Amino acid sequence: MQDFLTVTGMIIGAFPQGEYDRRVTLLTKDQGKITAFVKGARRQGSRFTANTDLFIFGEFDLYVGKNSYTVQDARPLNYFEFLRNDLNASFYGMYFLEICDYYGRENNPEAMLLLNLYRAIQGLKSEKLDNKFVKAVFELKTFVIEGELIPPEALGEYKSEVISAVNYITNSSIEKLYSFALSEEGTKELSELADKERRRIVDRHLKSLDILEMMAE
């Protein structure tokens, strides 16, 4: 008897597999990080070509094999199409995906990490939010979710608005995460703080970060 599983999640990795297939990494609400194969996704005219690309958020029907998952159907709920026309935002989005790939674990519910990713990508679309601000908030909230952010009072000497921001990020729901603002100098300090914490916490070289750093030069 075949076993099937329906998951809600986002595609955080997509890679060629063989001549016509694709291998995807899904960050899912209830099953954590899953690697699945999509047969014929790279074949011309395949219904999976667009539905199993990076950043696709939706519902995915998976066949559960002995050693792997296979995507049987995909029902996208959000394509985040603006990323195709905004190169700067897409590079930030790629960085967010790589952070989630670093933290995601199989068979570990990742609802909060997934929601944090979703809201951060939404933030990249907002004309009211600076991408560097979105990046810093996303990073710090990720560290909060993973239990790795040190208490604000132990972070060092920063502007009071920055410490208040960290307290807000720590205690706020993800849905309300981007409902505050900082001065230009405050945003710069928050970004520096997030960078410092990332270097302390993340022990992997992040290729997407190289691109962001080149863009900043």
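Residues numbered from 1 in each chain as written. Predicted model: local features only at pLDDT ≥ 70, side-chain atom pairs only at ≥ 80, totals over all residues. Heavy atoms only, no water.

S.K.: I'm lost on the packing of aromatic side chains in this one. Help?
M.R.: By convention here, two paired aromatic rings are described through the distance between centres and the angle between planes. If you walk through the whole model with that rule in mind, you get ten aromatic pairs. Here the aromatic residues Phe57, Phe80, Phe82 and Tyr118 are joined through ring pairs into a cluster of three or more. The aromatic ring of Tyr20 is capped on one face by Arg43, whose charged end is 3.8 Å from the ring centroid. (Phe/Tyr/Trp six-rings, centres within 6.5 Å; stacked < 30°, edge-to-face > 60°. Lys NZ or Arg CZ within 6 Å of the ring centre and 35° of its normal.)

S.K.: Got a minute to help me understand the packing of helix H4 (residues 111–125) against helix H5 (residues 131–145) in this structure?
M.R.: For any two helices packed against each other, the geometry comes down to the angle between their axes and how far apart the axes lie. Contact geometry of H4 with H5 gives a least axis separation of 9 Å together with a crossing angle of 175 degrees. As summarised for this structure, H4 and H5 are arranged roughly antiparallel, according to the angle between their axes. In contact with Met112, Leu113, Asn116, Leu117, Ala120, Gly123 and Leu124 of H4, H5 contributes Asn131, Val134, Phe138, Lys141, Thr142 and Ile145. Counted by class, the contact of H4 with H5 contains eight nonpolar, four polar and one charged residues. (Axes fitted to C-alpha atoms, helices over the stretch in contact; angles between N-to-C directions. Helix = DSSP H or I, 4+ residues; strand = E, 2+ residues; numbered from the N terminus. Parallel < 35°, antiparallel > 145°, perpendicular 65-115°, else oblique. Contact = heavy atoms within 4.5 Å. Nonpolar A, V, L, I, M, F, W, Y, C, P; charged D, E, K, R; others polar.)

S.K.: Looking at this model, I keep getting lost on the side chain of Thr187. Mind explaining?
M.R.: Note that Thr187 resides in helix H7 (residues 184–201). For Thr187, a relative accessible area of 14% translates into the label buried. Among all residues touching Thr187, those that are not within four sequence positions of it are Phe133 and Leu182. (Buried < 20%, exposed > 50% of the residue type's maximum accessible area, 1.4 Å probe, protein only.)

S.K.: I tried to follow the environment of Leu115 on my own but got confused; where do I start?
M.R.: If you trace the backbone, Leu115 turns up in helix H4. Through-space distance from the C-alpha of Leu115 to that of Ala181 is 21 Å; in sequence the pair is 66 residues apart. Setting aside its immediate chain neighbours within four residues, Leu115 contacts Ile174 and Glu175.

S.K.: Whenever I open this one, unusual backbone geometry confuses me. Can you help?
M.R.: Backbone geometry at Phe55 places phi at a positive 75 degrees, although glycine is not the residue there. Structurally, Phe55 can be placed in the loop between helix H1 (48–51) and strand E4 (57–64). The exposure class assigned to Phe55 is buried, which follows from its relative accessible area of 7%. A positive phi is found at Asn107, a non-glycine position, where the angle reads about 65 degrees. Secondary-structure assignment places Asn107 in the loop between helix H3 (87–103) and H4. Under the relative-accessibility criterion, Asn107 is labelled exposed at 53%.

S.K.: What exactly am I supposed to notice about the pattern of salt bridges here?
M.R.: Two side chains of opposite charge can pair, provided their charged atoms sit close to one another. In total, this model carries eleven salt bridges according to the counting rule given. Each of Arg47, Glu59, Asp61, Asp73 and Arg75 takes part in salt bridges that share partners, so that together they form one network. (Salt bridge = Lys/Arg side-chain N within 4 Å of Asp/Glu carboxyl O.)

S.K.: Looking at this structure, how should I read the pairing of strand E1 (residues 3–17)?
M.R.: Strand residues, when the strand is regular, have side chains that alternate between the two faces of the sheet. Here E1 runs beside E4; their pairing, made up of eight bridges, is antiparallel. In the sheet register, Gly9 faces E4, and the bridge partner there is Gly58. In this sheet, strand E2 (residues 21–28) lies alongside E1 in antiparallel orientation, the contact comprising eight bridges. Within E2, the position partnered with Gly13 by the bridge is Thr25. Connecting the antiparallel pair E1 and E2 is a turn made up of three residues, with Gly18 showing a positive phi of about 70 degrees. (Pairing = 2+ DSSP bridges.)

S.K.: Sorry if this is basic, but what is going on with the nonpolar core here?
M.R.: Inside soluble globular proteins, nonpolar side chains tend to come together where they are buried. In terms of nonpolar packing, the biggest core is built from 52 residues, with Phe96 and Leu190 touching the most fellow members. Among the elements of the structure, E1, helix H2 (82–85), H3, H4, H5, helix H6 (160–171), H7 and helix H8 (207–216) are those that each provide at least two residues to this core. Sort the elements by how many residues they give to this core and H3 lands first, with nine residues. Setting aside residues up to four positions removed in sequence, Phe96 forms contacts with Leu117, Ala120, Ile121, Leu124, Val134, Lys135 and Phe138. Counting 15 residues, the second-largest nonpolar core is a separate cluster that includes Ile11, Ala36, Val38 and Tyr69. (Core = buried A, V, L, I, M, F, W, Y, C linked by side-chain atoms within 4.5 Å.)

Treat this as a map of the structure, not an account of what it does.
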